[in-house]
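Summary of structural features
Each chain is listed here by its residues.
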Amino acid sequence: MISEKIRQIKPSATLEINRKAKELKAAGVDVINLSVGEPDFDTPDPVKESAVQAIRDGFTKYTEANGTPELKKAISEKLEKENGLVYSPEQVVVSNGAKHSLYNVFLAIIEPGDEVIIPAPYWVSYPEMVRLAGGVPVFCRWDENFKMDLGHLKSLINKKTKAMVLNSPSNPTGVVYDKKQICAVAEILLKNNILCISDEVYEKIIYEGMEHTSIASHSPEMKKLTVVVNAVSKTFAMTGWRIGYIAAEKEIAAAVGKVQGQTTSAPCSISQKAAYSAIKGGEKLYSGMIEEFRKRRNYLVENLPAELHYPVPMGAFYLFFNYRDMDSVALCERLLEEKFLAAVPGADFGADKFTRISYATSMKNLEITVQRLKEFTSENK
Ligand code: PMP
Ligand code: GLU
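Residues numbered from 1 in each chain as written. Chains lettered and ligands numbered in written order. Predicted model: local features only at pLDDT ≥ 70, side-chain atom pairs only at ≥ 80, totals over all residues. Heavy atoms only, no water.

Moving on, we come to the pattern of salt bridges. When their charged atoms lie close together, side chains carrying opposite charge are able to pair. Under the criterion given, the structure shown has 23 salt bridges. The salt bridge partner of R19 is E16, with a shortest N-O separation of 2.7 Å. Residue R19 and its partner E16 are both found in helix 2 (residues 13–26); the two are separated by 3 residues, about one turn of the helix. Note that E23 and R19 form a salt bridge whose closest N and O atoms lie 2.7 Å from each other. Pair noted here: E23 and R19 are both in helix 2, with a separation of 4 residues, about one helical turn. What you see here is one network of salt bridges that share partners, running through K78, E82, E203 and K204. (Salt bridge = Lys/Arg side-chain N within 4 Å of Asp/Glu carboxyl O. Helix = DSSP H or I, 4+ residues; strand = E, 2+ residues; numbered from the N terminus.)

On the surface, D327, E333, E337 and D352 cluster together into a patch of negative charge. One can find E337 in helix 13 (residues 328–339). Its relative accessible area of 62% is what places E337 among the exposed residues. (Patch = residues over 30% accessible without salt bridge, like charges linked within 9 Å, V, L, I, M, F, W, Y side chains within 5 Å. Areas by Shrake-Rupley, 256 points an atom, 1.4 Å probe, with all protein chains shown as cover. Lys, Arg positive; Asp, Glu negative; His and termini not counted. Charge placed at Lys NZ, Arg CZ, Asp CG, Glu CD. Buried < 20%, exposed > 50% of the residue type's maximum accessible area, 1.4 Å probe, protein only.)

Let us now look at the site of ligand 1. The environment of ligand 1 is formed by 14 residues, the closest being N171, D199, Y202, S233 and K234. A distance of 2.6 Å is found between an oxygen atom of ligand 1 and a side-chain nitrogen or oxygen belonging to S233. R242 places a polar side-chain atom, nitrogen or oxygen, 2.8 Å from an oxygen atom of ligand 1. Relative to its unbound accessible area of 390 Å², ligand 1 is 93% covered by the protein chains. Partitioning the shell around ligand 1 into residue classes produces 6 nonpolar, 4 polar and 4 charged. (Near = heavy atom within 4 Å. Polar contact = N/O pair within 3.5 Å; in protein donor to acceptor, adjacent residues only side chain to side chain. Nonpolar A, V, L, I, M, F, W, Y, C, P; charged D, E, K, R; others polar.)

Okay, the packing of aromatic side chains next. Counting across every chain of the model gives 14 aromatic pairs. Their ring planes at 10° and their centres at 6.1 Å tell us that W142 and F146 sit as a pair that is stacked. Judged by its relative accessible area of 29%, W142 is partly exposed. Judged by centre distance (5.5 Å) and plane angle (75°), the ring pair of F236 and Y286 falls under edge-to-face. (Phe/Tyr/Trp six-rings, centres within 6.5 Å; stacked < 30°, edge-to-face > 60°.)

Turning next to helix 14 (residues 363–379). If you check helix 14, its first and last C-alpha atoms are 24 Å apart, about what 17 residues at 1.5 Å a residue would give, namely 24 Å. Listed in full, the buried residues belonging to helix 14 are L366, T369, V370, R372, L373, F376 and T377. Close packing links the buried residues of helix 14 with strand 1 (32–33), helix 12 (287–303), strand 9 (308–309), strand 10 (318–323), helix 13 and strand 11 (341–342). (Expected span 1.5 Å × (residues − 1). Contact = heavy atoms within 4.5 Å.)

Between the first and last C-alpha of helix 3 (residues 45–56) there are 16 Å, a value that for 12 residues agrees with the 16 Å anticipated at 1.5 Å per step. Within the sequence span of helix 3, burial applies to V47, S50, A51 and A54. Projected down its long axis, helix 3 carries its buried residues within an arc of 100°, all on one side. Facing away from the buried side of helix 3 by more than 90 degrees, the exposed set consists of D45, E49 and R56. Looking at the buried positions of helix 3, the neighbouring elements they touch are helix 11 (269–281). Residue G58 follows helix 3 closely and has a positive phi angle near 75°. (Arc of directions from axis to C-beta.)

Spatially, 9-10-13-12 is the arrangement adopted by the 4 strands of the open sheet, whose pairing is antiparallel. Each end of this open sheet is capped by a strand with a single partner; those strands are strand 9 and strand 12 (344–345). Pairing analysis gives 2 bridges linking strand 12 to strand 13 (residues 355–358), with the strands arranged antiparallel. The residue of strand 13 that forms the bridge with V344 is R356. (Pairing = 2+ DSSP bridges.)

The next thing to look at is the side chain of T161. Within the secondary structure layout, T161 lies in strand 5 (residues 161–167). At 2.9 Å, the side chain of T161 forms a polar contact with the backbone nitrogen of N158. Once you skip the residues sitting within four places of it in the chain, T161 turns out to touch E115, I117, L156 and I194.

With that settled, the discussion passes to the pairing of strand 4 (residues 136–140). One ladder, built from 5 bridges, connects strand 3 (residues 115–119) with strand 4; its direction is parallel. Each residue of the ladder has a partner; that of I117, found in strand 4, is V138. In terms of handedness, the path from strand 3 via helix 6 (residues 125–132) over to strand 4 forms a crossover that is right-handed. (Right-handed = clockwise from strand over helix to strand, strands pointing away.)

The structure is reproduced here in structure tokens:
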């Protein structure tokens, strides 16, 4: 009964392990859930208030399919003020989270057989979305700094290459591309007329004076080739509200809008009011949370057992480690069974000797995590 296309794709490992961890927890097992990547903080009160107000005001009907004019304007102003990118509101499309935005974009741009370059290690959903849209994911190797190997990138480009995904700060590694590296990538894409799907959902979760650079800010030509993807999910601890967006050339935005108009229509009217209030509220709503992530990341880097090897995360809230080159699926199974630690195997991120832990959990949980990982490594010398 099930189509070949759906049989071919894998379920989302991040969501699956999260489900398993929650099930164990509900059964009374003392599991520390380091799997799913979502802030453990509450959505800021003013944001919640706007949603309550929206309900009271009866703002509970379909909105314009691409998002409300007020929210699109706020996003367009945000992009100009915070990213130096000028997009008119009609170049913005609001969807049900960045995941939905990404999928809409792939549907809008991919012809059957088009190749999309995905630098590994990558977020689990990119390859499957590309496949669902009829494209072919092609993986670029990482270099010694866990950034894409530019020589390999160049060698992958051919007539079928349509687009490349860039995710900085990165899920799962936490690496952040600096301006120079962004520039080097842009030069290659420009030379070959390749679109860049720039997933910037972790732009504000960034440490040690690193700055987020959108590849669209490289040059007017690169801006034309870029689709900026972002969301309120991570920045404002709003994963459940499901609001993401894209900004792109008018032609692409219109195509994305067409896909959305015939499939899901507009995202939730109430969530759009909440997202508006979050974006307008800006930094004061999330700076405390980022400070907390910074402390947790420092704690892990200072206390994890020395046998774990990883790039020091400069952004997002993940740490991606290698332990004695062990196969990640086997390692995660053992961590869950023996130490009740739920982590995600790197195999699903295109790096099977690595394991991802999310430190979007309390300091107390991280102390227990460190303790259990120390026990595990000393038992497995
Ligand atoms: N991109 C990346 C890199 C992510 O980690 C996530 C988290 N799910 C998303 C996109 C999707 O975000 P959203 O919850 O807004 O759909
Ligand atoms: N992006 C998060 C993660 O990687 C949320 C789960 C998902 O949508 O994959 O864990």
